[in-house]
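# Structure assessment
Here are the chains, one letter per residue:
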Amino acid sequence: MFNDGADTEHPLSSMLAHLHSTRTVGVGPGNGYAKERPNSVTLRYAYDRDIIRAIESLGGFFPDESNPKHWTGLGDVDVIFLDGRGHVIGATVTHEGMLIGEIPFTARDGKI
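A few words on the overall build of the chain. When helices and strands are counted, the chain shows three helices and five strands. Sequence-ordered secondary structure for the chain, helices as α and strands as β, is α-β-β-α-β-β-β-α. Within the chain, the proportion of its 112 residues that are buried is 28%. The long-range share in the chain, meaning contacts at least 24 apart out of those at least 6 apart in sequence, stands at 45%. With the model as given, the accessible surface of the chain reaches about 7,300 Å², and the carbon-plus-sulfur share is 54%.

Note that side chains of opposite charge can pair when their charged atoms are close. Here the structure, examined in full by the defined rule, presents three salt bridges. Linking Arg23 and Asp7 is a salt bridge whose minimum nitrogen-to-oxygen distance equals 2.8 Å. Of the two residues, Arg23 sits in strand β1 (residues 21–27) while Asp7 sits in the segment before α1 (11–15), which places them 16 residues apart along the sequence. On the accessibility criterion, Asp7 (3% relative accessible area) is buried. A salt bridge links Arg53 to Asp50, with the shortest nitrogen-to-oxygen separation between them at 2.9 Å. One end of the pair, Arg53, and the other, Asp50, are both in helix α2 (residues 49–57), three residues apart, so they sit about a helical turn from each other.

Within the element layout of this structure, Thr72 appears in the loop between α2 and β3 (80–82). For Thr72, a relative accessible area of 14% gives the class buried. Among all residues touching Thr72, those that are not within four sequence positions of it are Leu58, Gly59, Gly60, Phe61, Phe62 and Pro63.

This part covers the nonpolar core. Counting 13 residues, the largest nonpolar core has Phe2, Leu12, Leu16, Ile51, Ile55, Leu74 and Val77 as its most contacted members. Elements with a contribution of two residues or more to this core: β2 (37–45) and α2. Ignoring any residue separated from it by four or fewer positions in sequence, one finds Val77 in contact with Met1, Phe2, Asn3, His10, Leu12, Thr92 and Thr94.

Summarising the sheet, β3 and strand β4 (residues 88–93) pair through three bridges and their orientation is antiparallel. In the strand pairing of β4, Phe81 is matched with Gly90. Examined bridge by bridge, β4 and strand β5 (residues 98–101) share four bridges and lie antiparallel to one another. From the neighbouring strand, Val93 faces β5, where its bridge partner is Met98. The antiparallel hairpin formed by β4 and β5 contains four residues in its connecting segment, where Gly97 sits at a positive phi of about 65°.

Conventions used here
- Residues numbered from 1 in each chain as written.
- Predicted model: local features only at pLDDT ≥ 70, side-chain atom pairs only at ≥ 80, totals over all residues.
- Heavy atoms only, no water.
- Helix = DSSP H or I, 4+ residues; strand = E, 2+ residues; numbered from the N terminus.
- Buried < 20%, exposed > 50% of the residue type's maximum accessible area, 1.4 Å probe, protein only.
- Contact = heavy atoms within 4.5 Å.
- Areas by Shrake-Rupley, 256 points an atom, 1.4 Å probe, with all protein chains shown as cover.
- Salt bridge = Lys/Arg side-chain N within 4 Å of Asp/Glu carboxyl O.
- Core = buried A, V, L, I, M, F, W, Y, C linked by side-chain atoms within 4.5 Å.
- Pairing = 2+ DSSP bridges.

Here's what the structure looks like:
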């Protein structure tokens, strides 16, 4: 999710231009966000190793803790990981420097 809405100018978008994606403007609450974000842009891709390679080439999700910079080349972009059913596995919250995860589906149903 491009929090500032500037997906077309972001280097990640150009690195992944060869992959099919679905673009959505505006997101509702969820995945660590309490409020709607009407200007944020999401690009949804099927899994491809080129996504991981692109994120690595931008410096990863978070800067090394010894690095005084607040961002890597990824900038204020959050990445949400979904399973094959579309359920959230985990997500980055870049501006907070953290990863969040979901309770496994079976645990929510009391089946673990």
